[in-house]
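Listed below, chain by chain, are the residues.
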Amino acid sequence: MEELQSTEILDREILEDARKKAYRILKTADETVKAKAAEREAKARAALDELNKKYAEQRKLAAQEIMARLPMDKRRARAEKIESLILSATEAWYAGLDRRQVLSLLENGLRRRLTEYGSFSKGSFAEGKKPRAFICKLERAEAEAVLQAVYPGQGCEIVETPAADPYPVIILEDDFVRITASIHEAADFFLQEKRAELIASLLGTQDLPGESLC
């Protein structure tokens, strides 16, 4: 009987010892897991802080670049707006002209150029050869009427060309000189003369090129 009790006590002691060892093993493993998790969390937090710092610096640099470019971009946008409005105003001006006024502008342009080049076509052609007149967005009869008005008695070889210009054009040339009269040229001349006035009427004096667009 005593031997049986001794065996039971020994078994309990063995079990208790095993339980304590298992507890210590589990506790150590739990502490190891917690330590590893804390280490990983610390590394992740450090990496996140580094990323936040890096992106904050990049945002700061990007903001500085944007602020540095903003005045130039603003001026460019305003200039583009003005040019667009001027183009629209030019198109509206042309749309308001009747055909007689269009032909009159071309005629005056040719007269001015021929005055500058008074020797145009004299002695520059072989006998019987005519000067050439290239026309765009004009009827042949219209071109003939303009040419006869500014160059009476001198027939021209009229050549119709593709519509490279949005407005009517006459280009008169001999073997040495080429002169051009176009509605676009007349509009450009008008815009150069009246540009400041036109911008002021479209947008106000604060948008004049000499002030905010220089």
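Residues numbered from 1 in each chain as written. Predicted model: local features only at pLDDT ≥ 70, side-chain atom pairs only at ≥ 80, totals over all residues. Heavy atoms only, no water.

1. Topic: helix α3 (residues 140-150)
Turn by turn, an α-helix covers 3.6 residues, leaving residues three or four places apart pointing in a common direction.
Okay, so step 1: Of all the positions in α3, only E142, A143, V146, L147 and V150 are classed as buried. Viewed along the axis of α3, the buried residues span an arc of 130°, placing them on a single side of the element.
Okay, so step 2: If you follow the buried residues of α3, they end up packed against α2 (99-116), β1 (132-136), β2 (157-160) and β3 (169-173). (Buried < 20%, exposed > 50% of the residue type's maximum accessible area, 1.4 Å probe, protein only. Helix = DSSP H or I, 4+ residues; strand = E, 2+ residues; numbered from the N terminus. Arc of directions from axis to C-beta. Contact = heavy atoms within 4.5 Å.)

2. Digging into the pattern of salt bridges
Okay, so step 1: Counted under the stated rule, the structure contains 9 salt bridges.
Okay, so step 2: Residues R132 and E173 are paired through a salt bridge, measuring 2.9 Å at the closest nitrogen-oxygen approach. Note that R132 is positioned in strand β1 and E173 in strand β3, a separation of 41 residues in sequence.
Okay, so step 3: R132 sits in the buried class, given a relative accessible area of 16%. (Salt bridge = Lys/Arg side-chain N within 4 Å of Asp/Glu carboxyl O.)

3. Some points on the packing of aromatic side chains
Okay, so step 1: Within the structure shown, the criterion is met by 1 aromatic pair.
Okay, so step 2: Ring geometry for Y94 versus Y167: centroids 4.8 Å apart, planes at 65°, classification edge-to-face. Residue Y94 is located in helix α1 (residues 2-95), and its partner Y167 is located in the loop between β2 and β3; the two are separated by 73 residues in the primary sequence.
Okay, so step 3: Given the relative accessible area of 7%, Y167 is considered buried. (Phe/Tyr/Trp six-rings, centres within 6.5 Å; stacked < 30°, edge-to-face > 60°.)

4. Describing the sheet that holds β3
Okay, so step 1: Pairing within the open sheet is mixed, and its 4 strands lie in the order β2-β1-β3-β4. Of all strands in the sheet, those with a lone pairing partner are β2 and β4 (178-182), marking the two edges. Strand-to-strand, the axes of this sheet are offset by a mean angle of 20°, without reference to chain direction.
Okay, so step 2: Pairing analysis gives 4 bridges linking β1 to β2, with the strands arranged parallel. When the sheet's bridge partners are listed, A133 is paired in β2 with I158.
Okay, so step 3: The sheet strands contacting α3 are β1, β2 and β3, and the helix crosses β2 at an angle near 140°. (Pairing = 2+ DSSP bridges. Axes fitted to C-alpha atoms, helices over the stretch in contact; angles between N-to-C directions.)

5. Comments concerning the nonpolar core
When a protein is soluble and globular, its nonpolar side chains tend to lie buried together.
Okay, so step 1: Counting residues in each nonpolar core, the largest one holds 23 residues, and the members touching the most others are L110, L147, I170 and L172.
Okay, so step 2: Where this core is concerned, the elements lending two or more residues are α2, β1, α3, β3 and β4.
Okay, so step 3: It is α2 that provides the largest number of residues to this core, a total of 5 residues.
Okay, so step 4: If we skip the residues at most four places from it in the chain, I170 touches L106, L110, F134, I135, L138, V146, L147, I179, T180 and A181. (Core = buried A, V, L, I, M, F, W, Y, C linked by side-chain atoms within 4.5 Å.)

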